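If you want the building blocks of each chain, they are given just below.
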Amino acid sequence: MLELKIQNISKHYKEKTAADDITFTLKNGVYGLLGENGAGKTTLLRILCGILMPDRGDVTLDGISIRKMGAGYRTLLGYLPQDFGYYPDFTVKRYLLYLASLKALPRDKALVKYKEMLELTGLLGEEKQKIKHLSGGMIRRLGIAQALLNDPKILLLDEPTAGLDPKERIRFRNIISSLGHDRIVLLSTHIVSDVANAADRILIMRRGKIMENNTPDALIQAASGHVWEFVTTPAKADICQKQFTVCNVKTEGNELRMRVLSGERPFAGALAAAPDLEDAYLYATENREVL
Amino acid sequence: MLFRNEFYKICSRKILFTGVLLGFLFLAAYFQMSVLGSESAYVDGTCLRRTDAIQYNRETARRFAGPMTREKAQAIVDEFGWHINEDELEMSETGDTTPGYYDNSTSRFVTYNLSNIRSNEGTPTALAASENKYTEEMMNGEYEYGYMGGWDDTFREMHMMLLWIVAALVIIACAPVFSEEYAGQTAGILLTTQNGKGKTAAAKILAAFTWAAGIYVLLTLFLVGAFLCFYGTDGLFVSAGLSFPDLITGSVLWNTDSHKPTGIVLLLYLMAGLLSVLVTAAITLFISSVKKSTFSALLWSAAAYLLPAAIYSVFLLGMRVSKVIMLLRLLFNSLPFFLPLHELTSTPVLYRLFGYLFSGCILVSGCVLGCRKYCRYQVGK
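Here is what the cut-offs are and how they apply
Residues numbered from 1 in each chain as written. Chains lettered and ligands numbered in written order. Predicted model: local features only at pLDDT ≥ 70, side-chain atom pairs only at ≥ 80, totals over all residues. Heavy atoms only, no water. UniProt positions renumbered as here; feature names shortened; annotations may be inferred. Helix = DSSP H or I, 4+ residues; strand = E, 2+ residues; numbered from the N terminus. Buried < 20%, exposed > 50% of the residue type's maximum accessible area, 1.4 Å probe, protein only. Contact = heavy atoms within 4.5 Å. Pairing = 2+ DSSP bridges. Axes fitted to C-alpha atoms, helices over the stretch in contact; angles between N-to-C directions. Patch = residues over 30% accessible without salt bridge, like charges linked within 9 Å, V, L, I, M, F, W, Y side chains within 5 Å. Areas by Shrake-Rupley, 256 points an atom, 1.4 Å probe, with all protein chains shown as cover. Salt bridge = Lys/Arg side-chain N within 4 Å of Asp/Glu carboxyl O. Buried area = accessible area lost by both parts, 1.4 Å probe. Nonpolar A, V, L, I, M, F, W, Y, C, P; charged D, E, K, R; others polar. Core = buried A, V, L, I, M, F, W, Y, C linked by side-chain atoms within 4.5 Å. Parallel < 35°, antiparallel > 145°, perpendicular 65-115°, else oblique. Phe/Tyr/Trp six-rings, centres within 6.5 Å; stacked < 30°, edge-to-face > 60°. Lys NZ or Arg CZ within 6 Å of the ring centre and 35° of its normal.

- For chain A, an unreviewed UniProt entry supplies the name ABC transporter ATP-binding protein and the organism Blautia celeris.
- The heading Sequence similarities (unreviewed entry) in the UniProt record of chain A holds the text "Belongs to the ABC transporter superfamily."

Structural data, given as structure tokens:
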């Protein structure tokens, strides 16, 4: 079983700290990396890929620094960046076979794998299309296909569902769930539902630090007793928004049904609600100290 | 597979196809209008133009082919007289002039290269005196004369244009090689793959060089083919010192090339041209590896090609000669813009060798540093 250790990683840009002394370990399984925009998720993934040097700290795979492993580490890697760059004039087939040659797949294996990936991502039949003629969702799926092409043991996906429609999103979640058995999958997103069902563990990142590293159940458990639901008037709702962290607001006729985070019952009529992962995420980011 | 795809990336840019097509058209138009259009000969006052003139000049020169001697030069003057510039001739609408006037490439050669035209305020009256070291050398029988039409400064001039066109195309083709991967954010994926660093960088450089060399060879073949079709091969066997008098008279420095056939010297010149194209590609590739914007890489590469030539022509040539200035001239002369011209002037062998060595170093450094910079690229920094 692979063990990818992130040890005291720090990365600073001019006036911003993107990673601040981050330490954690990844083993086989699906990890969801949650965090608001600008939390440092992309920087962390780039460091894990070896395409960005940290100012401090190191990443090791089974005790060996990934810098020293070089191409040996990259053989195990599959990466989908947030801003997926592609060659508009390449056809889908040419692009995937090009990536296969970059990933050092033998030609015959590449021809089999690229078809498998097309099938997996629902792009079968689009082989001869130029990438510039594909829709945004299809391009994203192509990105996922290239990341999986070499059957990577470490799969790093940065905002993989951006631009996917709900059906494609569900399809993607199912793919990810099936991948985590014998590899490390780290999936960075700011959309909680992307990782709610697929992730074995959730890492929550904020301002360059890992605030939580736990199972989804444990996170939900921690938020238990802090989520409340009540119906109120629009005027009172404004006051509530200032007082509490609001998880959800839903219109019901002339009134509003609110779901808020609070250490104690906010109103006499408020009912305790069973938290979901979104509530747990909000609870962790709003109420916990940074680890 | 890597090479094929890198090559495809370069070839799939439509601007390059347009550029190559425009280059072809420009060269063809220039050849048709300026090169063939300037061909003329006069037979007893009757003006011959274009291919008729070439045919007549060729036949005339063949009569005097062989070692060039003072006696032969005198015989040419006796038969045809001196060449007179067309703007000094009285011409009819058809271009004909006074009967009795003869002019052809052979008489022009004697007038410009073997007469006393320079010492006599632009008017030739006799063959140059035997004290004139260079002219005397050209008539001492060591140089093979023949019809050299086309395969002289005309070819050099057109080939220089071709080199500028190729340089522009090479810069356009090579500037995006690395910078586009950064700008298009594809580097993020490429650099995380097993072969994404060293092998891909090498494949990119190889593809860029193949394209640069390919386009140079293609356009050069077109040009050589056009000259062969219209001027034949006679000029390729003429002594290079007669086709390119600069090989003898341009400098007091020693040069060994002037007795070789023009064809051999032109072949060396064309190979030097290929080296200059590859050096341009290497410089552009290095700039591409350090620039995140393709446009910026394009501008810097164009500046790297043109600025040394401008500095050399505007400043260095006009400055008082000192050791530093000589060294700077040597270095600037070894850059792609001037590099091939060494073969057609009296540049000494050591000077030329240094130029090629220096260019070779730039070529290797450009590739190595470009590769290194690309492989160490930090995404998002």
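### Brief notes about the overall build of chain B
Item 1. Helix and strand content of chain B: 16 helices and 4 strands.
Item 2. If you line up chain B on its principal axes, its C-alpha atoms span 80 × 50 × 30 Å.
Item 3. Counting across all 381 residues of chain B, residues that qualify as buried make up 52%.
Item 4. A separation threshold of at least 6 residues defines the contact pool for chain B, and within that pool the share at least 24 residues apart is 75%.

### Quick look at the sheet that holds strand β2 (residues 17-27) of chain A
Residues and elements named next belong to chain A.
Item 1. Pairing within the open sheet is antiparallel, and its 4 strands lie in the order β2-β1-β4-β5. Where the open sheet ends on each side, the last strands, each with one partner, are β2 and β5 (64-65).
Item 2. By the bridge criterion, 5 bridges tie strand β1 (residues 3-12) to strand β4 (residues 56-61) in an arrangement that is antiparallel. Residue pairing across strands places Lys5 opposite Thr60, the latter belonging to β4.
Item 3. Taken strand by strand, helix α1 (residues 41-49) contacts β1, β2 and β4, and its axis lies near 125° from that of β1.

### Observations concerning a nonpolar patch on the surface
Residues and elements named next belong to chain B.
Item 1. A surface patch of nonpolar side chains, amounting to about 480 Å² of accessible area, comprises Leu307, Ile311, Val314, Phe315 and Met319.
Item 2. For Val314, the position within the fold is in helix α14 (residues 294-316).
Item 3. Look at Val314 and you get exposed, because its relative accessible area is 59%.

### Quick word on the sheet that holds strand β3 (residues 29-35) of chain A
Residues and elements named next belong to chain A.
Item 1. What the 6 strands build is an open sheet, ordered β6-β7-β8-β3-β9-β10; its pairing is mixed. With partners counted over all chains shown, the strands left at the sheet margins are β6 (77-80) and β10 (209-214), one partner each. Direction aside, the axes of adjacent strands within the sheet are offset by 15° on average.
Item 2. Across 5 bridges, β3 lies against strand β9 (residues 201-206) in parallel orientation. Following the sheet pairing, Leu34 is matched in β9 by Ile204.
Item 3. Of the strands in this sheet, β6 and β7 (154-158) are in contact with helix α6 (residues 136-148), which crosses β6 at around 170°.
Item 4. Helix-sheet contacts for helix α7 (residues 166-179) involve β3, β7 and β8 (184-189), and the interaxial angle to β8 is about 150°.

### Considerations on the interface of chain A and chain B
Item 1. Between chain A and chain B, the residue contacts involve 32 residues of the former and 28 residues of the latter.
Item 2. With both sides pooled, the region where chain A packs onto chain B buries about 2700 Å², and carbon together with sulfur makes up 57% of that total.
Item 3. Three residues stand out in chain A for area buried against chain B, namely Ile51(A), Arg74(A) and Leu102(A), and they jointly supply 25% of the buried area on that side.
Item 4. At the junction of chain A with chain B, the criterion picks out 0 salt bridges.
Item 5. Broken down by element, the side of chain A that touches chain B gets its largest block of residues, 7 residues, from helix α4 (residues 92-102) of chain A.
Item 6. For the side of chain A that touches chain B, a count of residues per class yields 19 nonpolar, 5 polar and 8 charged.

### A word on the side chain of His159(B)
Item 1. Structurally, His159(B) can be placed in helix α7 (residues 153-174).
Item 2. Setting aside chain neighbours within four positions, we find His159(B) in contact with Tyr216(B), Thr220(B), Leu223(B), Tyr269(B) and Leu270(B).

### Comments concerning the environment of Leu307(B)
Item 1. Mapped onto the fold, Leu307(B) is located in helix α14.
Item 2. Spatially, the C-alpha atom of Leu307(B) lies 39 Å from that of Tyr145(B), the residues being 162 residues apart in sequence.

### Focus on the pattern of salt bridges
Item 1. Inspection of every chain in the model, using the stated rule, returns 26 salt bridges over all chains.
Item 2. Linking Glu168(A) and Arg141(A) is a salt bridge whose minimum nitrogen-to-oxygen distance equals 2.7 Å. With Glu168(A) in helix α7 and Arg141(A) in helix α6, this residue pair connects regions lying 27 residues apart in the sequence. The pair Glu168(A) / Arg141(A) is uniform in exposure class, with both members buried.
Item 3. The salt bridge involving Arg58(B) is made with Asp234(B); its shortest N-O contact spans 3.4 Å. In this pair, Arg58(B) is assigned in helix α3 (residues 50-63) and Asp234(B) in the loop between α10 (198-231) and α11 (240-243), connecting sequence segments 176 residues apart.
Item 4. On the basis of relative accessible area, Arg58(B) is assigned to the buried category, the value being 18%.
Item 5. For Asp234(B), a relative accessible area of 15% gives the class buried.
Item 6. Salt bridges sharing partners connect three or more residues here, namely Glu229(A), Glu252(A), Arg257(A), Arg259(A) and Asp279(A).

### Thoughts on the pairing of β9(A)
Residues and elements named next belong to chain A.
Item 1. For β9, the buried fraction is high: 5 of the 6 residues fall into the buried class.
Item 2. Two strands pair when backbone bridges link them, and β9 and β10 are joined in this way by 5 bridges, in the antiparallel orientation. If you follow Leu203 over to β10, its bridge partner there is Asn213.
Item 3. Two successive antiparallel strands, β9 and β10, enclose a turn made up of 2 residues, where Arg207 displays a positive phi of approximately 50°.

### Overview of the nonpolar core
Nonpolar side chains tend toward joint burial in soluble globular proteins.
Item 1. The biggest cluster of nonpolar side chains holds 184 residues, and the ones touching the most others in it are Leu4(A) and Tyr95(A).
Item 2. Sort the elements by how many residues they give to this core and α10(B) lands first, with 17 residues.
Item 3. Residues within four places of Leu4(A) in sequence aside, it is in contact with Phe24(A), Thr25(A), Leu26(A), Leu48(A), Val59(A), Thr60(A), Leu61(A), Ile66(A), Tyr73(A), Ile154(A) and Ile184(A).
Item 4. Of all hydrophobic cores here, the second largest spans 10 residues; its members include Ala167(B), Ile171(B), Ala309(B) and Phe338(B).

### As for α4(A)
Item 1. Most of α4(A) is tucked away, with 9 of its 11 residues classed as buried.
Item 2. Taken together, the buried residues of α4(A) touch α5 (107-120) and α6 of chain A together with α1 (2-11), α9 (187-190) and α10 of chain B.

### Quick look at the packing of helix α2 (residues 14-35) of chain B against α7(B)
Residues and elements named next belong to chain B.
Item 1. Here α2 crosses α7 at 170°, and the two axes come no closer than 10 Å. With respect to α7, the element α2 is oriented roughly antiparallel. The residues of α7 that touch α2, namely those facing Ile15, Leu16, Gly19, Val20, Gly23, Phe26, Leu27, Tyr30, Phe31 and Val35, are Thr154, Glu157, Met158, Met161, Leu162, Ile165, Leu169, Ile172 and Ala173.
Item 2. Of the residues that constitute the contact of α2 with α7, the class distribution is 15 nonpolar, 3 polar and 1 charged.

### As for the packing of aromatic side chains
Item 1. Taken as a whole and assessed by the stated rule, the structure comprises 28 aromatic pairs over all chains.
Item 2. Residues Phe90(A) and Tyr98(A) carry aromatic rings whose centres are separated by 5.8 Å and whose planes lie at 65° to one another, so their mutual orientation is edge-to-face.
Item 3. Classification of Phe90(A) as buried rests on a relative accessible area of 2%.
Item 4. Residue class for Tyr98(A) comes out buried when judged on its relative accessible area of 0%.
Item 5. In textbook terms, an aromatic cluster arises when at least three aromatic residues are bridged by ring pairs, as seen for Phe84(A), Tyr86(A), Tyr87(A), Phe90(A), Tyr95(A), Tyr98(A) and Tyr8(B).
Item 6. Positioned above the aromatic ring of Phe90(A) is the side chain of Arg94(A), whose terminal nitrogen or guanidinium carbon lies 5.9 Å from the ring centre.
Item 7. Cation over ring: Arg94(A) sits above Tyr8(B), and NZ or CZ is 3.6 Å from the ring centre.

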